[in-house]
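Residue-level structural notes
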2 protein chains.
Amino acid sequence: MVEVKISIIGAGSAVFSLSLVRDLCLTPNLEGSTISFMDINKERLNAVYSLCSRYAEEMGIKLKLEKTLDRKESLRDADFVINTALAAGHHRLREGWEVARKLGYRYGGSYHVMHDEAFWINFYQFRLFESIINDILDICPDAWYIQLANPVLAGITYLGRKYPEAKIVGLCHGFMGIYHIAEVLGLEKEHISFEIPGVNHFVWLTRFYYKGEDAYPLLDEWIEKEAPKYWEKCPPSNDLGPKPVDLYRRFGLFPIGDTCTPGGGTWPYWYHVDEETERRWKEDPAEWWRRYFKGLEAQVNKIFEVARNQSMKVTKVFPPIKSGESIVSLVESLACDIPRVFQVNILNVGSFVPGVPQDFEVEIPALVSKRGIQGIRTTGLPKPIISYILRDRVAPVEVELEAYESGDKDLLLQLIMMDPWTRSEDQARKLLEGIFALPYHEEMRKHYK
Amino acid sequence: MVEVKISIIGAGSAVFSLSLVRDLCLTPNLEGSTISFMDINKERLNAVYSLCSRYAEEMGIKLKLEKTLDRKESLRDADFVINTALAAGHHRLREGWEVARKLGYRYGGSYHVMHDEAFWINFYQFRLFESIINDILDICPDAWYIQLANPVLAGITYLGRKYPEAKIVGLCHGFMGIYHIAEVLGLEKEHISFEIPGVNHFVWLTRFYYKGEDAYPLLDEWIEKEAPKYWEKCPPSNDLGPKPVDLYRRFGLFPIGDTCTPGGGTWPYWYHVDEETERRWKEDPAEWWRRYFKGLEAQVNKIFEVARNQSMKVTKVFPPIKSGESIVSLVESLACDIPRVFQVNILNVGSFVPGVPQDFEVEIPALVSKRGIQGIRTTGLPKPIISYILRDRVAPVEVELEAYESGDKDLLLQLIMMDPWTRSEDQARKLLEGIFALPYHEEMRKHYK
């Protein structure tokens, strides 16, 4: 049993915090650990703290739960710092989208406009990431910084380069789309094995086995015989819809999870050129996002209802079943030296995915133990996929980071120009000025000259 | 249960073959598999085949055992080809040593003279390795080639570069010296974890944990309090003797297993400049080799005694306990898709050990599964150790391989010149001519001009 201190930045993310505490309650090796909930929203912080305390108590598990509005206090003696915070809320994201939409921008373009990693969101995230890392290096330099907050791709690249002395890793559950495939194919989850390398939100199934046998033929068979039936019932922009299947046909590898859904950038734009084309491919990113925000709201409402109602048994509403998320297991492997392989986001320092620059983020399997997080050399990706990574992921992120570092507004314009929906510099400039004109972007206006 | 065909080249190595069959009998996942024993020595082959058949029968395990003198026949439909063959026997090794010794060469010099990877042994090994790989690519191109035979360092480097289409891995049990350390320290083997990167026969303990806590302090304590007592009783040139402890003091990392013992090259020469110095460090490579050959002979004699005596129960003399060698588990992980981490020898294509050239062999942990053998990026080695790898391992092996590829005898002379005991070109030339003059080196005389 190893007692660690875990600081959660953005603990007001009720869905995340409750899920983490539930997983901790189911991890005997970490009993006795301290969880410091930190958020700047006092009301949500109190609600989450009280709910999670009730959870651990009902489970009869000893966890020291703390809450604070002061980040530095939360970081004191922390062994793990989990960042799940979104500095600028979802309403700002959507207001920006509205400006872009009116100028002719559509989903399926770059990461940086009609996606939840829009440049007007990322700017505040970079600032937050950087200030957290600086605090960690001051207060708890040996702590692991685990970033769940987006943008993982740009964030891990930026932080990894600038703070090589910090222990940084990004986690994203996008790769778990493989379990959705397993479910739909009727495969037992514990008997599948896979490799899904790439960059965050752009990961491809290079290897897929079921009970030791290549499982791609099973997927092929499902596509041939079952997919049309499945497509009649599945929601639009599904990760097993006609679009990912068509991408598989083109590239020879299946795109996993968020890789081509709105959650990962709706890549590529050619399935989204107009509504008729989207209908043909059973794509509807706008509807996908409506469902996404609605689902999130429902979850949050349910949690806060239980939080308000002291007489409800939390463990009854949220039964003690492991979430399947890797975060607590990863902490356990690092703290208790239980070597296991996890899907992580780190710099490509060992050419884990050959062809991606070595100082750029990749999402890959890694061996996690007391030794740290050690990337595993993957079988790599075919040339066309690598080329798209360079064109649609590396290139724009490099421009975005250069813009952020230099505060050069022209580079931000360049970034917008890289979006496939940009048809003229005038259109790009209107988007830039439209975003900058929103009243709450004072800080961004000051930064970019 | 996965039925595979394993071809063993050099199956007359009785100790190895019996150990492999015993491990297979203890691996239910591989029951039903075919083992093809191949050797050019009919008498030994028959004895080993009959003994191993009795073993499987006594255990009640279904294994299809076959024997053949024809390598191509053995390779047909093979999934795994294990090479444990020594083309030129130990007597030739020792006869060459005798020539060198008389010219002033001592143990502790380069790999290529007073070591079992002497150039007059490696030459025949390279030819053998290459002809096996060519046969594999012809007959069973999807098979894994698992090389246990020395030289692993030069062999994997040579084959990995020249045959990138082949599935090649080297295994060496040298790293298991860590279990000797655990035993001496009184640590339970199942609770230690470690990382021991380097190049073959030159691996260093970068990380060492016991029950999740740094175990180096336990080693330090043992060195301070227990080592002098241990040294009074341990045999000379011990892997926990005063020399490895002194190397630890110099480099900050403990050398593991063969790294500085005669089995791995007796590196470095400065502990071996004369008998008095060797005595001071409790080093006696000549005695070490005597014990080694004697122990090997005793094992072989024991095995052949049981082989001759049909009334003896083989499982009684060699009880069914797993050997601890990783070979059968590695085959199981590859064939049955059981992802596990093993210590392997592969090319450093992902800078698994930063600082070692990417087209050179390294010994590192790797994730092994149906996906293949995927190197793990290690924490790397300190600059001084990397420098010694470049000077005493990479440089001479490059010269040896260049000499072998070109057939240039002058390069072979260069190789001998790199041995620290070489004091003059004349001395080196006498060694070269002395070796070439041995009657059975016809083939080598033809190759090198």
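Position numbers for residues start from 1 in each chain and track the written sequence from start to end. Chain A is the first chain written and ligand 1 is the first ligand written, with later ones labelled in order. Where totals are concerned, whole chains, interfaces and linings use all residues; where local detail is concerned, this predicted model gives features only for residues with pLDDT of at least 70, and gives and counts side-chain atom pairs only at 80 or more. Only hydrogens and water are set aside; all other atoms, that is, all heavy atoms of the structure, feed into the side-chain values.

It is worth spelling out the overall build of chain A at this point. Along chain A, the regular secondary structure elements total 18 helices and 15 strands. By the compact-globule yardstick of 22 Å for 449 residues, chain A fits well, its C-alpha radius of gyration being 22 Å. For the exposure calls, accessible area comes from a 1.4 Å probe over protein chains only, and a residue counts as buried if that area is under 20% of its type's maximum, exposed if over 50%, partly exposed in between. Here chain A holds 449 residues, and the buried ones make up 60% of them. Note on areas: these come from Shrake-Rupley sampling with a 1.4 Å probe, and a residue is covered only by the protein chains present in the view. In the form shown here, chain A has an accessible surface area of approximately 17,900 Å², with 51% of it arising from carbon and sulfur atoms. Counted charges follow a simple rule, with Lys and Arg positive, Asp and Glu negative, and His plus the chain ends left uncounted. Every charge is mapped to an atom, namely NZ of Lys, CZ of Arg, CG of Asp or CD of Glu. The distance from the centre of the 54 positive side-chain charges to the centre of the 63 negative ones in chain A is 3 Å. Runs of H or I in DSSP of at least four residues are treated as helices and runs of E of at least two as strands, each being numbered from the N terminus. In this treatment the radius of gyration is a C-alpha quantity, and the globule benchmark scales as 2.2 Å times the residue count to the 0.38 power.

One frequently used descriptor of interface size is the decrease in accessible area upon assembly of the parts. All names here are of chain A. Either an automatic procedure or a domain database provided the assignment from which the domain bounds are taken. Under the domain assignment, chain A is made up of domain 1 (5-105 + 114-173 + 316-375) and domain 2 (390-447). Computed from C-alpha atoms alone, the centre-to-centre distance between domain 1 and domain 2 is 27 Å. By definition, residues are in contact when any of their heavy atoms lie within 4.5 Å. At the interface, 25 residues of domain 1 touch 28 residues of domain 2. Here's the idea: put two parts together, see how much 1.4 Å probe accessible area each one loses, and the total over both is what we call buried area. For the pair domain 1 and domain 2, the summed buried surface comes to about 2,600 Å²; carbon and sulfur atoms form 70% of the total. Of all residues in domain 1, Y105, F119 and F123 bury the most surface against domain 2, accounting for 28% of the area lost on that side. Throughout this description, the term salt bridge denotes a Lys or Arg side-chain nitrogen within 4 Å of a carboxyl oxygen of Asp or Glu. Linking domain 1 to domain 2 there are 3 salt bridges. A salt bridge links R161 to E398; its shortest N-O distance comes to 2.6 Å. In protein, a polar contact means a hydrogen-donor-capable atom and an acceptor-capable atom, both N or O and within 3.5 Å, with residues adjacent in sequence counting only if both atoms are side-chain atoms; elsewhere, any N or O pair within 3.5 Å suffices. On inspection of domain 1 and its partner domain 2, the count reaches 12 residue pairs in polar contact (both at pLDDT 80 or more). Where the side of domain 1 that touches domain 2 is concerned, the elements lending two or more residues are α4 (90-102), α5 (119-139) and α6 (152-162). The element that contributes the greatest number of residues to the side of domain 1 that touches domain 2 is α5, accounting for 8 residues.

Relating one copy of the chain to the other takes a rotation about an axis and a shift parallel to that axis. Expressed as a screw transformation, the operator carrying chain B onto chain A has a rotation angle of 179 degrees and an axial translation of 0.0 Å, and the superposed copies differ by an RMSD of 0.0 Å. Put plainly, the chains are arranged around a two-fold axis. The fraction of interface residues of chain B whose copies in chain A are also interface residues reaches 96%, indicating that both copies meet through the same surface. When the copies are overlaid, the least-squares fit takes in C-alpha atoms only where the residue has pLDDT of at least 70 in both copies.

Take the interface of chain B and chain A next. Listed per partner, the contact involves 23 residues of chain B and 22 residues of chain A. Counting across the interface, chain B meets chain A through 0 salt bridges. In terms of residue count, the dominant contributor to the side of chain B that touches chain A is strand β7 (residues 192-195) of chain B (3 residues). Classes in brief: Ala, Val, Leu, Ile, Met, Phe, Trp, Tyr, Cys and Pro nonpolar; Asp, Glu, Lys and Arg charged; the others, Gly included, polar. Residues belonging to the side of chain B that touches chain A are distributed by class as follows: 9 nonpolar, 7 polar and 7 charged.

Now for the packing of aromatic side chains. Residues and elements named next belong to chain B. Side-chain rings of Phe, Tyr and Trp (the six-membered ring for Trp) are treated as a pair once their centres are within 6.5 Å; stacked means planes under 30 degrees apart, edge-to-face means over 60, and tilted covers the remaining angles. On inspection of all chains with the given rule, the structure shows 69 aromatic pairs over all chains. Taken together, a centroid distance of 5.6 Å and an interplanar angle of 55 degrees make the contact between Y248 and F254 tilted. Side by side, Y248 and F254 carry an identical accessibility label, which is buried. Every member of this aromatic cluster is reached through a ring pair, and the members are F202, W204, F251, W267, Y269, W270, Y271, W281, Y388 and W421.

Right, let's talk about the sheet that holds strand β7 (residues 192-195) of chain A for a bit. All names here are of chain A. The sheet built from 3 strands is open, its strands ordered β7-β10-β11 with antiparallel pairing. Strand pairing shows two members of the sheet lacking a second neighbour, β7 and β11 (213-214), which therefore form its edges. Across 4 bridges, β7 lies against strand β10 (residues 207-210) in antiparallel orientation. Note on β10: the bridge partner recorded for E195 is R207. Seen against the sheet, helix α7 (residues 177-185) touches β7 and β10 and runs at an angle of roughly 140 degrees to β7. Paired strands, as defined in this entry, are two strands with at least two bridges between them according to DSSP. Throughout, an axis means a line fitted to C-alpha atoms (over the contacting stretch in the case of helices), and angles, computed between N-to-C directions, take values from 0 to 180 degrees.

Glancing now at the side chain of Q125 of chain A. All names here are of chain A. Along the chain, Q125 falls in helix α5. For Q125, a relative accessible area of 0% gives the class buried. At 2.8 Å, the side chain of Q125 forms a polar contact with the backbone oxygen of N150. The residues touching Q125, leaving out its near neighbours within four places in the chain, are A85, L86, A87, A88, A149, N150 and P151.

Okay, the environment of I416 of chain A next. All names here are of chain A. Secondary-structure assignment places I416 in helix α16 (residues 409-417). The spatial distance from the C-alpha of I416 to the C-alpha of R429 is 8.3 Å, given a sequence separation of 13 residues. If near-sequence neighbours (up to four positions away) are discounted, I416 is found in contact with Y105, F119, T422, A428, L431 and L432.

Residue and element names in this part refer to chain A. Taken across its 10 residues, helix α10 (residues 242-251) has 8 buried, putting it largely inside the fold. Along α10, the residues classified as buried are P242, K243, P244, V245, D246, L247, Y248 and F251. Downstream of α10 by a residue or two, G252 has a phi angle that is positive, lying close to 85 degrees.

All names here are of chain B. Of note, A286 is situated in helix α12 (residues 285-308). Residue A286 is classed as partly exposed on the basis of its relative accessible area, which comes to 28%. Taking the C-alpha atoms as reference points, A286 and V113, separated by 173 residues in sequence, lie 14 Å from one another.

Let us look at helix α14 (residues 327-336) of chain B. Summarising burial for α14 of chain B: 10 of the 10 residues are buried, a large majority. Count one or two residues on from α14 of chain B and you reach D337 of chain B, which has phi positive near 55 degrees.

With that out of the way, let us pick up a negative patch on the surface. Patch membership requires more than 30% relative accessible area and the absence of a salt bridge. Residues of like charge join within 9 Å; the nonpolar side chains Val, Leu, Ile, Met, Phe, Trp and Tyr join within 5 Å. A cluster of like negative charges, contributed by E213, D214, D220 and E224 of chain A, occupies part of the molecular surface. Mapping E213 of chain A onto the fold places it in strand β11.

Take the packing of helix α2 (residues 42-59) of chain B against α12 of chain B next. Residue and element names in this part refer to chain B. Across the interface, α2 lies against α12 with an axial gap of 9 Å and an inter-helix angle of 70 degrees. The pairing of α2 with α12 is recorded here as roughly perpendicular in orientation. Here α2 contributes R44, A47, L51 and R54 to the contact with α12, which in turn contributes V300, I303, F304, V306 and A307. Residue composition of the contact of α2 with α12, grouped by class: 7 nonpolar, no polar and 2 charged. Working definition: roughly parallel below 35 degrees, roughly antiparallel above 145 degrees, roughly perpendicular at 65 to 115 degrees, and oblique for all remaining angles.

This paragraph deals with the side chain of S110 of chain B. All names here are of chain B. Along the chain, the position of S110 falls in the loop between α4 (90-102) and α5 (119-139). Given the relative accessible area of 10%, S110 is considered buried. Beyond its immediate chain neighbours, meaning those up to four positions away, S110 contacts H115, D419 and P420.

Residue and element names in this part refer to chain B. Across 2 bridges, strand β10 (residues 207-210) lies against strand β11 (residues 213-214) in antiparallel orientation. Across the sheet, residue Y210 finds its bridge partner in β11, namely E213. Counting the residues in the hairpin turn of β10 and β11 gives 2 residues, including K211, whose phi is positive at 50 degrees.

This next bit is on the pairing of strand β15 (residues 372-375) of chain B. Residues and elements named next belong to chain B. Sheet analysis places strand β14 (residues 361-369) next to β15, joined by 4 bridges and oriented antiparallel. For L367, the partnering residue across the bridge sits in β15 and is Q374. Counting the residues that bridge the hairpin from β14 to β15 gives 2 residues.

This brings us to the state of the cysteines. By disulfide we mean two sulfur atoms from cysteines, separated by a distance within 2.5 Å. Overall, the coordinates contain 0 disulfides over all chains when judged by the stated rule. C234 of chain A takes part in no disulfide bond, and the closest cysteine sulfur to it belongs to C260 of chain A, at a distance of 12 Å. We classify C234 of chain A as buried; its relative accessible area is 13%. Take C336 of chain B: it sits in no disulfide, and the sulfur closest to it among the cysteines is that of C25 of chain B, at 15 Å.

All names here are of chain B. Spatially, 3 strands are ordered β7-β10-β11 in an open sheet, and the strand pairing comes out antiparallel. Looking at the sheet topology across the chains shown, the edges are occupied by β7 and β11. On the sheet, helix α7 (residues 177-185) packs against β7 and β10 and is oriented at approximately 140 degrees with respect to β7.

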